[in-house]
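# Examining the three-dimensional arrangement
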Amino acid sequence: MEKEKETETTRLENGSLLQFYMERKTPTKINKTAAIKSQLRKNCSCTRERMKKTVVDFFPVLQWLPKYKCKEYIWGDIMSGLVIGIILVPQAIAYSLLAGLKPIYSLYTSFFANIIYFLMGTSRHVSVGIFSLLSLMVGQVVDRELLLAGFDPNDDPLESTGGRDPLNVTVHNFTLGSMSMECGKECYAIGVATALTFLAGVYQVLMGIFHLGFVSMYLSEPVLDGFATGASVAILTAQVKYLVGIKIPRAQGYGVLITTWVNVFRNISQTNLCDVITSMICIAVLVTSKELGDRYKHKLKVPLPTELVVIVMATLVSHYGQLKERYGSSVSGEIPTGFIPPQVPSLSLMQRVAVDALPLAIVGFAFTVSLSEMFAKKYAYTVKANQEMFAIGFCNIIPAFFHCFATSAALAKSLVKASTGCQTQVSSLVSAIVVLLVLLFFAPLFFSLQKCVLACIIIVSLRGALRKFKDIPQRYRLDKVDALVWCVTMLSSALISTEMGLLVGVAFSVLCIIGRTQRPHAALLGQIGNTVFYEDDEEYKNLLPVPDVKIFRFEAPLYYANKDFFLKCLHKKTGLDPAMEMARRKKAKKKGQPSMERGLGQGDTALSLVAKHRDIQAVIIDCSSIPFLDTAGVSALKETFKDHAELKVTVLLACCNSCVTASLERGGYSANASKDMHELVFHSIHSAVQFVRERKTTADDSAV
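The model shown is predicted, which means the values in this text are computed figures rather than measured ones. (Residues numbered from 1 in each chain as written. Predicted model: local features only at pLDDT ≥ 70, side-chain atom pairs only at ≥ 80, totals over all residues. Heavy atoms only, no water.)

## Some details on the overall build of the protein chain
Formally: To qualify as a helix, a DSSP run of H or I must reach at least 4 residues; to qualify as a strand, a run of E must reach at least 2; elements of each kind are numbered from the N terminus. Type-normalised accessible area, obtained with a 1.4 Å probe on protein chains alone, sets the label of each residue: buried when under 20%, exposed when over 50%, and partly exposed for intermediate values. The contact criterion used is simple: two residues touch if any of their non-hydrogen atoms lie within 4.5 Å. Only the protein chains shown count as cover for residues, with accessible areas throughout obtained via the Shrake-Rupley method and a probe of 1.4 Å.
Scanning the protein chain for helices and strands turns up 28 helices and 10 strands. Counting only residues that meet the buried cut, the protein chain has 49% of its 704 residues in that class. By sequence separation, contacts in the protein chain at least 24 residues apart represent 79% of the contacts at least 6 residues apart. Accessible surface, the protein chain as shown: approximately 35,000 Å² in total, 61% of it carbon and sulfur.

## Looking at the layout of surface pockets
It is the rolling of a water-molecule-sized probe over the atoms that shows where space remains empty. Condition: Using a grid of 1 Å spacing that covers the protein atoms alone, one calls a set of points a cavity when a 1.4 Å probe fits there but cannot get out, and a pocket when the set is open and has protein on both sides within 12 Å along at least five of seven lines; lining residues are those with an atom within 4 Å of a point. Grid points are joined across faces, edges and corners, and a volume is the space filled by probe spheres set on the points. Residues are grouped as follows: Ala, Val, Leu, Ile, Met, Phe, Trp, Tyr, Cys and Pro are nonpolar; Asp, Glu, Lys and Arg are charged; every other residue, Gly included, is polar.
Roughly 900 Å³ of volume is contained in the second largest pocket. What lines the second largest pocket is a set of 42 residues, among which Gln 140, Ser 497, Thr 498, Glu 499 and Met 500 lie closest to the centre. Breaking the lining of the second largest pocket down by element, the ones donating at least two residues are helix H4 (70-99), helix H6 (132-148), helix H9 (221-244), helix H10 (256-266), helix H14 (347-378), helix H21 (480-495) and helix H22 (498-518). In terms of residue class, the lining of the second largest pocket is built from 26 nonpolar, 10 polar and 6 charged.

## Examining the sheet that holds strand S8 (residues 618-622)
The line we're drawing: One bridge is not enough; two strands pair if DSSP finds at least two bridges between them. Every axis in this analysis is a line fitted to C-alpha atoms, fitted for helices over the stretch in contact. Angles between the N-to-C directions lie between 0 and 180 degrees.
The strand order S6-S5-S7-S8-S9-S10 describes an open sheet built from 6 strands, whose pairing is mixed. Each edge of the open sheet is held by one strand with a lone partner, namely strand S6 (534-536) and strand S10 (681-682). Helix H23 (residues 563-574) rests against strand S5 (522-527), strand S7 (549-554) and S8 of the sheet, and its axis sits at about 145° to S7. Along the sheet, helix H25 (residues 631-645) contacts S8 and strand S9 (650-654); its crossing angle with S9, the most-contacted strand, is approximately 145°.

## Details of the pairing of S5
Among the 6 residues of S5, 6 are classified as buried, and the element is accordingly described as predominantly covered. Of the two faces of S5, the one holding Ala 522, Leu 524 and Gly 526 and the one holding Ala 523, Leu 525 and Gln 527 are both buried throughout. Of the strand pairs in this sheet, S5 and S7 are connected by 4 bridges, and their pairing is antiparallel. Note on S7: the bridge partner recorded for Leu 524 is Phe 552. With 3 bridges connecting them, S5 and S6 associate as antiparallel partners. Paired with Gln 527 across the two strands is Tyr 534, which belongs to S6. As consecutive antiparallel partners, S5 and S6 are separated by 6 residues, and within that stretch Gly 529 has a phi angle of approximately 55°, a positive value.

## Observations concerning the nonpolar core
Selection rule: Residue types Ala, Val, Leu, Ile, Met, Phe, Trp, Tyr and Cys, when buried and joined through side-chain atoms within 4.5 Å, form a set referred to as a nonpolar core.
By size, the foremost hydrophobic cluster in this structure holds 118 residues, and its most contacted members are Leu 101, Val 128, Leu 133, Val 138, Leu 219, Leu 360 and Phe 405. The element that contributes the greatest number of residues to this core is H14, accounting for 15 residues. Residue contacts for Leu 360: discarding those within four places in its chain leaves Leu 134, Met 137, Val 138, Leu 196, Ala 200, Gln 204 and Ala 406. One finds Phe 552, Leu 567, Leu 637 and Val 651 within the second-largest nonpolar core, a separate group that totals 31 residues.

## Observations concerning the packing of H6 against H9
Note the cut-off: Should an angle fall under 35 degrees it is called roughly parallel, over 145 degrees roughly antiparallel, and 65 to 115 degrees roughly perpendicular, with every other angle called oblique. In this scheme the handedness of a crossing depends on how the near helix is turned from the far one: anticlockwise by less than a right angle means left-handed, clockwise means right-handed.
Axis separation between H6 and H9 bottoms out at 10 Å; the angle between their running directions is 60°. It follows that H6 is oblique to H9 by the angle criterion. Between H6 and H9 lies a crossing whose hand is left-handed. Residues Ser 132, Leu 133, Leu 136 and Met 137 of H6 touch H9, and the partners they reach there are Phe 227, Ala 228, Ala 231, Ser 232, Ala 234 and Ile 235. Residues that form the contact of H6 with H9 fall into these classes: 8 nonpolar, 2 polar and no charged.

## What to know about the environment of Cys 623
Along the chain, Cys 623 falls in the loop between S8 and H25. In this structure Cys 623 comes out as buried when scored by relative accessible area, which is 1%. For the pair formed by Cys 623 and Phe 552, sequence separation is 71 residues and the distance between their alpha carbons is 8.8 Å. Those residues in contact with Cys 623, other than ones at most four positions away along the chain, are Leu 653, Ala 654, Cys 655 and Cys 656.

## Let's talk about the packing of H9 against helix H18 (residues 451-461)
The interhelical angle for the contact between H9 and H18, taken along N-to-C directions, is 155°, at an axis separation of 8 Å. The pairing of H9 with H18 is recorded here as roughly antiparallel in orientation. Of the two possible hands of crossing, H9 and H18 adopt the one that is left-handed. Across the interface between the two elements, Ile 235, Leu 236, Gln 239, Tyr 242 and Leu 243 of H9 pack against Lys 451, Cys 452, Ala 455, Cys 456, Ile 458 and Ile 459 of H18. A breakdown of the residues in the contact of H9 with H18 according to their chemical character gives 9 nonpolar, 1 polar and 1 charged.

Following this line, the structure appears as C-alpha cells:
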C-alpha cells in the first residue's frame, strides 16, 4: 500500500520557495481476535508465578512488610498510630449520631477498616475509617427504612429504660426478611446499615474488576468540594437539636435542611439549658484548641488530643453531677464491651437499598483514590488506583458481617497521620489496637457522656469544609464556571439531599462542559509585527491585519452540537455571509446593477456590491484549537468551502492535527473541492498566508 504524502510550501528568507514532503506512516493493523486470545491466555493462566503475583498484588502488605525498616520507621508509625487511635475513639462515638446507630458500631467500623486497609492498601499515609459524609448518607437511609418498617427513628428506648438495656432492645416486634429472629429497632437499623455497606463494597470491587475508575473523573474538584460543603451544612443542621437539647423528628426526603430549622424554631421553647451551657463550653474549648493548634503546629510534634480530653472531662462532670437525672440531659447510654457474633447481611434489605448504595460507593472510592494519589505525589511514591478500589471495597464488604457501616479515607485524619511521622500502614495497625482496647475495656465508661458533647465534636470537625465559603471570591476570579458548579452542587446538596446534590453537581458540571463546546470563543487573528505568529486582535494591541485575508480561529471541537454556531461566528467575524451575499447579488442583477466578483486568482475587477466584502480573497481557518471533527463538522467545512467558492473566496485550513486531517480525508474534503489536499490544508497559518500572497502575485503578473 502506497503511503500518503503531504506537501508543504515555505518561503525562505531570500524569497525562494521550499517544498518538502511529509510521508504518513501506514497504520499497523491489529488482529483483534488474536489480541483478545493473547490477553485471556495471559490473564487466565494458572502458573505458580502467576498465582504468586496475583496474591502479592492483592495483598500489598506481603510485598512491603518484609522490607520494613524497623529502626527507621517504627517510632514514627507508633506515634502516628497512637494519635490517630486517640482521635478515632471520640470521633467514632460522635459520628454514630450521624449514622443513627449505637456508638459500639462506629468503634467496630474503625477497628476492622484499619486492619483490612493495612493488608490491602497501597497508600502509606491515608487514614481509613468512619467519614462524616458517608455517616450522614448511611443515617438518611437508615431513618427512611425505619419509618417504612413502622419504627419511630426518634424514639430512644434509653430514655424510658434508664439507659441500661442490652443492645438489641425490642421496642417493636418485626421479622427481618430471611432472618428467623424477631428484630427490634436497633437490630433493624444496623441490619439496614450493613446491607447498605455490603452492597457499596460490592459495587466498589466491581468497579475495580471492570476498571471503572474513570467514573471518578466526572467528580471534579469543584463538585467534590461543593458536595462536601453542602453535606457539612446538612450535618451541622442535623446536630442543632442535640446542641440545644430539644426533641424533634428527624426530617426525611428532600428539603431536610429547611424542615429541620423550621422544627427547631417551633420547639425552641423546649431548650434544655444544661445542654446549651455544655455545648457553649465545649465549642469554645474545641475551637480555641484547634486555632492554637493550627497557629503553632510547626512547634507541636503531635496535635493536641482535645476531643479526647473534652470527652473524658464531660463524662466525669455528667456522671458525678448527675446531669441526666437532675436536668434531663440526653446521654450516650450503655456501650458494651467485646464483639457481637458476626451475621450475614440481609438479602431482602439489600434489595431495598441497592440504589442508595451506588452514590455511597462512588463517593467513598472517589475520596479514597484522590487522597491516596495526593499523598503519593507529595511523598514521591506510587499507588495503584485499582488496588485502592479493591481495598476500600473489602473495607466495606468484610466488616459488614461484623455489624459495621460504610468507610472511606478521611482528609483531616490523613493529614494528621502524615504530620505525626507516619511511614507505612503499620500505623493503621497501631490505631486498630487503640480502638480494640477501648472496645474490650473502656467503652462502658462513656455511659454518661452527653450527646450534645458529641454534636460539638462533629460541628467543630466541619471547620475545614465550612471555610470553603471564604474561597468563593477567589474561585470566581479564577474560573467563573467552576465557581458556579461549586455553588450549584453545594446548594443542591444542602437544600435537596446529599445524594441528589451529587447527581445535580455532576450533571451540571457535564452540562457546563457541553455548553463551553457549544458556544466557545471564536476570534479573528492579526499578525504580530513582521513575525510568522498570529493572535487574537480583540485581546492584543498593535496587531497587523493581513490584506485581502481573514484569519478565523474556533476554540473547540467542531461537531454536530456547535456546527451552526461555528458558521454563525465565521460569518459574523469575517463580515461575509455567503447566502446573504448571493441573495443580494441576484437581487442586484435583476435590477440591472453591475456586480463583478473578485476572488483569488482574478485580475482587476469592478467595485463589489458591498464595500465591506470587496477585499476578501481568502478565509484561513486556524484549526489548532479544534481537537477533532465528526461527520457534521466535516460537512460544515465542506459547506463553508463550497459557499465561499461561489463568491470566488478561497477557504484554507491551517494547523490541523493528524486526527482532523484524517477526518477530512475520510470525509472527502479535497475531493469535494477538486483540489489536492496540500492546496487546502497547511501546517501553519503563515504558510497559508504566504500561499495566498504568492497566488495573488502570480495572478497580478499574468494580468499585466
